[in-house]
Amino acid sequence: MKNLLTTHKLITVTPLLLILSFSAQASGSGEHEHEHKKMDHSKMEHSKMNHGGGHRHSSWATPPAAYAKMKSQIWNDAGAAKRGEKLYATNCSSCHGAQGTGNGPVAKSLQHPPADLTNHFHKAPGEGDAYLFWRVSEGGQVEPFKSMNSAMPSFKASLSESQRWDVLAYVHQHFHKGFLNAKKQKMDSHDDKGDEHAHHH
Ligand code: HEC
């Protein structure tokens with residue numbers, strides 16, 4: 001019984017000692033000032049950024065080995081984007097929206113909001129190809145997206161491989177508006193706002 005009491009005392013006393021010695025160190029003056037800094041709990045890590053109802057990922061998950069080598073040869077192919085436009089309208093826009101920002105008619109009813117496809121990390125040909133192809137093929141039916149309650153369907157059964165690249169060519173040309181690196185160079189050399197508006201259908 002005596003032992004138990006001492007242990008109990010130690011447990012309650014130790015954290016207090018730690019706080020005291022820490023604050024003494026921090027203030028430098030040797031005085032025991034207690035300042036309880038308020039933690040900001042409002043800044044949730046997985047915050048939903050509302051750009052037209054869409055959801056932006058800050059990083060890309062690594063695709064599994066089976067997809068790692070997937071590459072598109074048709075990123076800038078106008079015909080592919082044209083075929084992809086139709087595929088997008090029937091298969092994707094209900095969630096991702098006609099403008100790709102993630103605010104399609106179905107979006108509001110989903111637990112995990114559809115991704116904003118205008119936000120991207122596609123730096124150069126080959127970088128990000130595998131990720132995008134994996135996502136369209138397996139959707140949210142695989143980890144880590146499954147645990148996030150992603151409703152994104154898998155398209156590997158309903159769209160052929162070339163159709164999946166076509167729809168991605170459309171996403172690339174119309175929502176990404178090219179590769180990030182190329183865009184940066186372009187923006188450095190001249191203002192391309194003008195021709196962005198010229199591409200209206
Ligand atoms: C039923 C709704 C729904 C449909 C239909 C849908 N998606 Fe998605 N999609 C989502 C959701 C929700 C997410 C975000 C969660 C996730 O990453 O799985 C997402 C994520 C993505 C991502 C990942 C983006 C990123 O930033 O990581 C891509 C790419 C994508 N979708 C493309 C498509 C394409 C292309 C189609 C059509 C062939 C399509 N989606 C159809 C709901 C949908």
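Up top is the structure these notes are about.
Keep in mind the model is a prediction, meaning the values are calculated, not measured.

A. How the structure looks around helix 6 (residues 161-176). With 16 residues, helix 6 ought to run about 22 Å at 1.5 Å a step, and its terminal C-alpha atoms sit 21 Å apart, in line with that. Of the positions making up helix 6, those classed as buried are Arg164, Trp165, Asp166, Val167, Leu168, Ala169, Tyr170, Val171, His172, Gln173 and His176. Looking at the buried positions of helix 6, the neighbouring elements they touch are helix 3 (78-91) and helix 5 (129-138).

B. Quick peek at the environment of Asn91. Positionally, Asn91 belongs in helix 3. A count of 19 C-beta atoms within 10 Å places Asn91 in the partly exposed class. Here the alpha-carbon distance between Asn91 and Val167, two residues 76 residues apart in the chain, equals 9.3 Å. Ignoring sequence-local partners within four residues, the contact set of Asn91 consists of Phe155, Leu159 and Val167.

C. Structural detail: the site of the ligand. The environment of the ligand is formed by 25 residues, the closest being Cys92, Cys95, Gly140, Ser150 and Met152. At the level of elements, helix 4 (93-96), helix 5 and helix 6 are the ones that each hand at least two residues to the shell around the ligand. Grouping the amino acids of the shell around the ligand by side-chain chemistry returns 16 nonpolar, eight polar and one charged.

Here is what the cut-offs are and how they apply
Residues numbered from 1 in each chain as written. Predicted model: local features only at pLDDT ≥ 70, side-chain atom pairs only at ≥ 80, totals over all residues. Helix = DSSP H or I, 4+ residues; strand = E, 2+ residues; numbered from the N terminus. Expected span 1.5 Å × (residues − 1). Buried ≥ 20, exposed ≤ 12 C-beta atoms within 10 Å, placed from the backbone. Contact = placed C-beta atoms within 7 Å. Near = placed C-beta within 6 Å. Nonpolar A, V, L, I, M, F, W, Y, C, P; charged D, E, K, R; others polar.

All quantities given are derived from atomic positions and should not be read as evidence of function.
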